[in-house]
Amino acid sequence: MRLRNLLVVGALGLIAATLPAMASSETTPTVEAKTSSGAYSESHSWSPSQVTIAAGGSVVFANHSSEVPHGVIWTSSVKPTCEEGSGKVPVGAEHFGYQWSGSCKFSQAGTYTFECSVHHQEMTGTITVTAAGTTTTSTTSTPPPTPTPTTTTPTPTPKPVVHPGNARKLAKALRACRKKPKGKRAACIKRAHKRYGPKKK
């Protein structure tokens, strides 16, 4: 009888130990940079590309590749606070990196949109932040519905487009820029973006 009680107590302790880890993974989703190779070109995406969290929560961003560079540009007016620096989230138009991981904290409710600093419109995502206390979810498909406007919507300005071939050339040029002296690196990155970056339709 005593052995049976010890087994029950041990099993309960094991369950209790795993619950915090499960809760943690649910409350801190990870958005990872992905690269897929096709017959003629590579494709790049964030996985998942859409995440919903409660205000005050965080999202981990990561690029585990040592071959393809990625970074984050926040394209929405509202922006989170991200861990930046060596091995953290490279944020900004001229910032990118290999094998990095870091988190961004979303303190207020709203819709946060972002794209890759290297692959731009090919690689976009959305973080929807709800009022505090809402359950965290992650999705990769249909975005939340938007209300139908009552007035005529003007024709949107065409977004810059990056040709798949140019995305590879840009990544290669950016890798070459990393090898240049520190004083010449920024100018090299700027030239690479100007030559191979997104072009307006």
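Here, the structure is the one placed above.
Here's what I pulled together on the structure shown here. Values in this document were obtained by computation on a predicted structure and should not be read as measured data.

## So, the pattern of salt bridges
Step number 1: For the structure shown, the criterion picks out two salt bridges.
Step number 2: A salt bridge links Lys 88 to Glu 83; the nearest nitrogen and oxygen atoms lie 3.9 Å apart.
Step number 3: Exposure remark for Lys 88: the relative accessible area of 33% places this residue in the partly exposed category.

## Some thoughts on the packing of aromatic side chains
Step number 1: According to the stated counting rule, one finds eight aromatic pairs in the structure shown.
Step number 2: Arranged with centres 6.4 Å apart and planes meeting at 90 degrees, the rings of Trp 46 and Phe 61 form a pair that is edge-to-face. With Trp 46 in strand 2 (residues 42–47) and Phe 61 in strand 4 (residues 57–63), this pair connects stretches of sequence that are 15 residues apart.
Step number 3: Take Trp 46: its relative accessible area is 3%, and that puts it in the buried class.
Step number 4: Phe 61 gets classed as buried once you look at its relative accessible area, which sits at 0%.
Step number 5: Plain terms: the ring middles of Phe 61 and Trp 74 are 5.8 Å apart, the flat faces sit at 85 degrees to each other, and that makes the pair edge-to-face. One end of the pair, Phe 61, is in strand 4; the other, Trp 74, is in strand 5 (residues 72–74), with 13 residues separating them in the sequence.
Step number 6: What makes Trp 74 buried here is its relative accessible area of 7%.

## Considering the environment of Thr 81
Step number 1: Assignment of secondary structure puts Thr 81 in strand 6 (residues 81–82).
Step number 2: In this structure Thr 81 comes out as exposed when scored by relative accessible area, which is 58%.
Step number 3: Each C-alpha atom of the pair Thr 81 and Cys 104 lies 5.4 Å from the other, and the pair is 23 residues apart in sequence.
Step number 4: Each residue touching Thr 81, except ones within four places of it in the same chain, is listed here: Ser 103, Cys 104 and Lys 105.

## Comments concerning the pairing of strand 1 (residues 30–37)
Step number 1: In this sheet, strand 4 lies alongside strand 1 in parallel orientation, the contact comprising three bridges. Each residue of the ladder has a partner; that of Val 31, found in strand 4, is Phe 61.
Step number 2: Linking two consecutive strands that pair antiparallel, namely strand 1 and strand 2, is a turn of four residues.

## A word on the nonpolar core
Step number 1: Trp 46, Phe 61, Trp 74, Phe 106 and Ile 127 are the most contacted members of the largest nonpolar core, which has 32 residues in total.
Step number 2: Setting aside residues up to four positions removed in sequence, Phe 61 forms contacts with Val 31, Val 72, Trp 74, Val 89, Trp 100, Ser 101, Gly 102, Cys 104, Phe 106, Phe 114 and Ile 127.

## Things to note about the state of the cysteines
Step number 1: Counted by the stated rule, this structure contains two disulfides.
Step number 2: Residue pairing for Cys 82: its cysteine sulfur links by disulfide to Cys 104, the two sulfurs lying 2.0 Å apart. Its torsion about the S-S bond being 110 degrees, the disulfide of Cys 82 and Cys 104 is classed as right-handed. Of this pair, Cys 82 sits in strand 6 while Cys 104 sits in strand 7 (residues 100–106); the two residues are 22 residues apart in sequence, bridging distant segments of the chain. Assigned by exposure class, Cys 82 and Cys 104 land together as buried.
Step number 3: The disulfide partner of Cys 177 is Cys 188, and the S-S distance across this bridge is 2.0 Å. Between Cys 177 and Cys 188, the disulfide has an S-S torsion of -75 degrees and is therefore left-handed. Placement of Cys 177 in helix 2 (residues 164–178) and of Cys 188 in helix 3 (residues 182–196) is noted, with a sequence separation of eleven residues between them.
Step number 4: Here the cysteine-cysteine linkages of the protein are recorded as 1-2, 3-4, numbering only bonded cysteines and doing so in sequence order.

## Focus on helix 3
Step number 1: Counted at 1.5 Å a residue, the expected span for helix 3 with its 15 residues is 21 Å, and the 21 Å between its end C-alpha atoms agrees.
Step number 2: Within the span of helix 3, buried status applies to Cys 188, Ile 189, Ala 192, His 193 and Tyr 196. One face of helix 3 carries all of its buried residues, which in axial projection span an arc of 135 degrees. Set apart from the buried face of helix 3 by more than 90 degrees, the exposed residues are Gly 183, Lys 184, Lys 190, Arg 191, Lys 194 and Arg 195.

So, how was this worked out
- Within each chain, residues carry numbers counting from 1 in the order of the written sequence.
- Two thresholds apply to this predicted model, a pLDDT of at least 70 for residue-level local features and 80 or more for giving and counting side-chain atom pairs, whereas whole-chain, interface and lining totals are computed over all residues.
- Excluding hydrogens and water, the side-chain values take into account all heavy atoms of the structure.
- Between Lys or Arg on one side and Asp or Glu on the other, a salt bridge is scored when a side-chain nitrogen of the former is within 4 Å of a carboxyl oxygen of the latter.
- When a residue's accessible area, from a 1.4 Å probe over protein chains only, is under 20% of the maximum for its type it is buried; when over 50% it is exposed; and in between it is partly exposed.
- Stacked, tilted and edge-to-face are the three classes assigned to paired rings of Phe, Tyr and Trp, where Trp is represented by its six-membered ring and a pair needs centres within 6.5 Å; plane angles under 30 degrees give stacked, over 60 edge-to-face, the rest tilted.
- Helix and strand assignments follow DSSP, with helices taken as H or I runs no shorter than four residues and strands as E runs no shorter than two, numbered in order from the N terminus.
- Every residue pair with non-hydrogen atoms within 4.5 Å of one another is taken to be in contact.
- Think of it this way: DSSP has to see at least two bridges between two strands before they count as a pair.
- For the purposes of this section, nonpolar cores are sets of buried Ala, Val, Leu, Ile, Met, Phe, Trp, Tyr and Cys residues that join through side-chain atoms within 4.5 Å.
- For the purposes of this analysis, a disulfide is any pair of cysteine sulfur atoms at a distance within 2.5 Å.
- Expected span of a helix: the number of residues minus one, times 1.5 Å.
- Note: the arc covers the axis-to-C-beta directions of the helix.

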